[in-house]
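A look at the structure
Single-letter residue listing:
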Amino acid sequence: MSALWCVHLLLLLFCLWLPSLGQAALVISGHEAPQETSGAARSLHKRSTNGGKVEVHSVSVDCTVTSRFARTVVTSVALNKANTSQEIFFEVELPKTAFITNFSMEIEGRVYVGEVKEKEKAKKQYEKAVSSGRTAGLVKASGRKMEKFSVSVNIAAQSNVTFVLTHEELLQRKLGQYEILTRVKPKALVQNFKIVANIYEPQGILFVDAHATFLSNDLLPLVEKTVTDKKAHVSFSPTMEQQRKCPDCDGTLIDGDFIIKYDVNRAKSFGDIQTVNGYFVHFFAPTELRRVPKNVVFLIDQSGSMYGTKIRQTRESMEQILKELHEDDHFALVAFSFVLNSWRHSLTKATKENVTEAIDFVRKLDLQGGTNINDALLSGVNMLVKERQEKKLPERSADIIILLTDGMPYGGEENLEKIQENARTAAAGKMSLFCLGFGNDVDYSFLDVLSKQNKGVARRIYEASDATLQIQGFYDEVASPLLLEVDLRYPDNAVEMLTTNHFSQLFNGSEIVVAGRLTDNDLDNFMVDVMGQGLEEDYKAQGQASPVKWTDIYPDEEYIFGDFTERLWAYLTIQQLLEKSKSGTADEKENATAMALDMSLKYSFVTPLTSMVVTKPETEDGTDSPLIADKLTEEQRQQAERRGYYHMPVSPPVYTPTYHSSPTYFVDGDPHFMIELPEKEDALCFNINDRPGTIFSLVTDPQSGILVNGQIIGDKKIPPDGKMNTYFWRFGIVHQTLGVRLEVNTRDISVFQDSKWVKLLWSDSASLKGLNVDLLVTKERSLMVTLKDSVKFVVLLHKVWEKHPYHRDYLGFYTLDSHLLSPAVHGLLGQFYHGIEYEVSELRPGEVPEKPDATMFVKGQQLNVTRGWQRDFRRDVKNGENVPCWFVHNNGTGLIDGDVTDYVVSGLFKTI
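Quick notes on the rules
- All chains use their own residue numbering, which begins from 1 and follows the written sequence.
- A pLDDT threshold of at least 70 governs which residues receive local features in this predicted model, and a stricter bar of 80 or more applies before side-chain atom pairs are shown or counted, although totals over entire chains, interfaces and linings include all residues.
- Excluding hydrogens and water, the side-chain figures rest on all heavy atoms present in the structure.
- Following DSSP output, two strands are said to pair if at least two bridges run between them.
- Labels follow the DSSP assignment, with helices taken as runs of H or I lasting at least four residues and strands as runs of E lasting at least two, numbered in each case from the N terminus.
- Only C-alpha atoms enter the line fits that serve as axes; for helices the fit covers just the stretch in contact. Angles between N-to-C directions range over 0 to 180 degrees.
- Per-residue confidence from the prediction method is given by pLDDT, with values spanning 0 to 100.
- Between two residues, a contact is recorded if the distance between any of their heavy atoms is within 4.5 Å.
- Among buried residues, those of type Ala, Val, Leu, Ile, Met, Phe, Trp, Tyr and Cys that are joined through side-chain atoms within 4.5 Å constitute a nonpolar core.
- Here the term buried applies to any residue with accessible area under 20% of the maximum for its type, exposed to any over 50%, and partly exposed to those in between, with areas from a 1.4 Å probe on protein chains only.
- Think of a 1 Å grid over the protein atoms and nothing else: a 1.4 Å probe that fits but is trapped marks a cavity, an open set flanked by protein within 12 Å on at least five of seven lines marks a pocket, and residues with an atom within 4 Å of a point count as lining.
- Grid points are joined across faces, edges and corners, and a volume is the space filled by probe spheres set on the points.
- Residue classes follow a fixed rule: Ala, Val, Leu, Ile, Met, Phe, Trp, Tyr, Cys and Pro count as nonpolar, while Asp, Glu, Lys and Arg count as charged, and any other residue, Gly among them, counts as polar.
- Salt bridges are identified by distance alone: a Lys or Arg side-chain nitrogen within 4 Å of an Asp or Glu carboxyl oxygen.
- Counting rule for disulfides: a pair of cysteine sulfur atoms within 2.5 Å.

Let's talk about the sheet that holds strand β8 (residues 99-107)
Here we have eight strands laid out as an open sheet, ordered β9-β8-β13-β6-β5-β15-β18-β17, and mixed in their pairing. The strands lining the two open edges of the sheet, one partner per strand, are β9 (110-113) and β17 (223-227). The mean inter-strand angle of the sheet, taken between neighbouring strand axes irrespective of direction, is 10 degrees. Here strand β5 (residues 54-66) pairs with strand β6 (residues 69-80) via twelve bridges, running antiparallel.

So this is what it looks like as structure tokens:
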């Protein structure tokens, strides 16, 4: 067998351009070619830094911002200083809103350049490579705002490789500034390390700030900032010695965020227009406008799934938002579950007394079953319509609905398209709807279309410790409308192919951008009209565009992104076409998609409709294989996050064997055990086959006194195919220290606490709060068990048609907060709660083409595993969602400790 000698050199640095926020990451790593060794099992080795093998010679991130349009070029040179070939890994994290426009590799004098193709054509090329056993790669989601581009190549001994990646994006102004965030996490010393940002703004630069979280007094002078009237230059380039954490160590001080913030001057009332190379761009963000009052209805989900942290964070954020309302604003609060719970039945002026009473209402919000989004939306719309009809609201004011929910519609109208139609018909284009989707159980696509059809936007609120700040941050962006129904008009005979030039509202701190192509280069007649509804009167501004002579403004710059206006126009047009492809009639969607695809190919943008294909050398067998760079949709990102990891590694690298994460462990189905490992971006699964009636030990923690056992049940009779399915139908949960005992079966839930038994039925939504345990039942769907200062369990009820000839109702069991259990925890699930070391390699075709086999090295053993699928029912109890995983055969033999019979117990509350 061969042993892996891993040489690992990591370099992480970020320079991203997001809508007012940018971020990117670069990783260079390598491992030496396999060498033969004796022994039946392949040993596991942690990757170690070894500068004598792979050396990152240089890394540079060159960011050029020309009138808000950012082009970022990441270049890195890596050297293989070993005497054998090595595989070099290159990873760059870029903003999810940016488009990759170029990627190339130079290896031994030969340059490999990417080509943008239609996604379906690229996919076929990719699948062909995978089916033939060759390596291939994909862009994958990475965190909230990034996606990771990665590629690996084999480099001959004493050779080098140069990687170059380019991406582009239009910066968006938020809260009065543009922000460039450079996250620097090298984890190793780099010979030539450089981050450079050049900002060119003909309007004039109002301010530029640059700082970093890791800057010490010694590093502070290394941040160079030069600002003139219309140009800013910021750079950071520490030497290797300056990077060192201490004189005699290889550790680096560079670990944190490097942030640049800036804004531009805004003098003209009609905005700033720039014309370059036959295209124009118009920036409009007038100063000194008074805010327009708003009438806002808050729709707050109080269903059972908001239990715990979600509802607490919602209360906290709403309390702060209510305090920030202006006295000339009007507002209403509608909490919803199966039924509506309105604070008052009409909008109320935001006086100090009313706000105080509203905060008290929010603080007392309790949880109930159901998520009746349809009735909540119609209630909010009808409030605003009625108040308008009765002239109780200021004539010049903005009507806004803000919906916050964490789940799918359940109760009332549940058809998503019907809900969208109902809201669109009722609102009739007279108000803006903003949707905040809390966590991963919401259907973001549904909320996205719902908002776009009603002059608003959707935003995901990530279930994390900063969720309160996320909600408040979004509200701050829409809290101060300045103009309503804004129109920007240009001479018909002078321009064509305009991007969107009508906007429902302009908020304080934001900016409107319109671009188009010039048909008449004679700008003497290029008059611009801007109209909108202001606080006291209609806003009107007019001006004449004048050409910007870049050579006069920047005489010392030979080339500054000369085609930026055309590429800015193309970027903005594609983004707007992609939005139109999600709503409207079938023909409108089809036309928008076709136009977006054509422009993506023409301008070499990697969008959700295209992929970049790079044919890279494969030195081991002499053949080439493709790398596919994709652009993920928000829906695809969310689906990946629901599964607890961000991509399915078709050709897995040798994984780092240790990790720290917050995995998910569950048993559901036939019975099928699942271990999701987010930090490894992967999952393991295995089946346990035994006789109906068998009781298994799932979790046992002698130190905390927690015990969970599960009993399986079989089909009503043997199906025609002769395969008897088994499922879990009963769980016993014990916390001996707290004196809690639960029996959960497909009929009911019995809990013993405080010296008495209490029975709950699945047919009712209910909550039970005790001294040591809290229970939350969602009718015929789920039970959440929260043990005091300890772990949480969720039990799902799967209802089967009672007249089904074979199948029965069954249960699923999911573990949350497993890290709170002691190191002594064990059981079929419990043994994995504190991690598992393994490697997967040697990908090869399996019996089924879409399910390749691989070799897993785990616990000193070598196992054959298959890329399989498991159903995760957390979001959809009825149908579930496919989760890819490495399937371990033979009852998990080799993965679990001992034999499956070691986990059989004699009673539901018995230990082994």
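After that view, the rundown keeps rolling.
Here we look at the confidence of the model for the chain
Confidence in the prediction for the chain averages 82 pLDDT; 85% of positions are at 70 or higher. Across residues 132-137 the pLDDT falls below 50, and counting only partners more than four positions away or on other chains, this stretch makes 18 contacts in the model.

Thoughts on the nonpolar core
For soluble globular proteins, nonpolar side chains are generally found buried alongside one another. Leu-698, Phe-813 and Met-856 are the most contacted members of the largest nonpolar core, which totals 56 residues. Core analysis: the next-biggest nonpolar cluster, separate from the first, contains 55 residues, Ala-70, Phe-90, Tyr-178 and Ile-254 among them.

A closer look at the pairing of strand β18 (residues 231-236)
As paired elements, strand β15 (residues 192-200) and β18 share six bridges and run antiparallel to each other. The residue of β18 that forms the bridge with Val-196 is Ser-235. In terms of strand pairing, β17 meets β18 through five bridges, oriented antiparallel. By the bridge assignment, Thr-226 is partnered in β18 with His-233. Between the end of β17 and the start of β18, which pair antiparallel, lie three residues.

Some thoughts on empty space enclosed by the protein
All told, the structure shown has three cavities of 30 Å³ or more when counted by the stated rule. Space inside the largest cavity adds up to approximately 80 Å³. Taken together, Phe-298, Leu-299, Ile-300, Thr-314, Met-318, Ile-321, Ile-402, Leu-404, Leu-436, Ile-471, Phe-474 and Tyr-475 form the lining of the largest cavity. Counting residues per element, the ones that place at least two in the lining of the largest cavity are β22 (294-301), α3 (309-323), β26 (398-405) and α8 (467-478). For the lining of the largest cavity, the class distribution of residues is eleven nonpolar, one polar and no charged. The wall of the second largest cavity is formed by Leu-377, Val-381, Ile-401, Ala-423, Ala-427, Met-431, Ser-432, Leu-433 and Asn-454. If you list the elements that add at least two residues to the lining of the second largest cavity, you get α5 (373-389), α6 (416-427) and β27 (432-438). For the lining of the second largest cavity, the residue count by class is seven nonpolar, two polar and no charged.

A look at the pattern of salt bridges
Inspection of every chain in the model, using the stated rule, returns 35 salt bridges. Of the charged contacts, one joins Asp-229 and Lys-230 as a salt bridge, the two residues approaching to 3.4 Å between their closest N and O atoms. Between Asp-263 and Arg-266 there is a salt bridge; the shortest N-O distance is 2.8 Å. Judged by its relative accessible area of 4%, Asp-263 is buried. Beyond isolated ion pairs, a larger network of salt bridges with shared partners links Arg-68, Arg-173, Glu-201, Asp-263, Arg-266 and Glu-511.

Comments concerning the state of the cysteines
Per the stated rule, a full pass over the model turns up two disulfides. Paired through a disulfide, Cys-685 and Cys-885 show a sulfur-sulfur distance of 2.0 Å. Handedness here is read from the sign of the S-S torsion; for Cys-685 and Cys-885, about 65 degrees, the answer is right-handed. Here Cys-685, found in strand β39 (residues 682-687), pairs with Cys-885, found in strand β54 (residues 881-888); they are 200 residues apart in sequence, far enough to count as distant. Taking relative accessible area as the criterion, Cys-685 reaches 0% and is therefore assigned buried.

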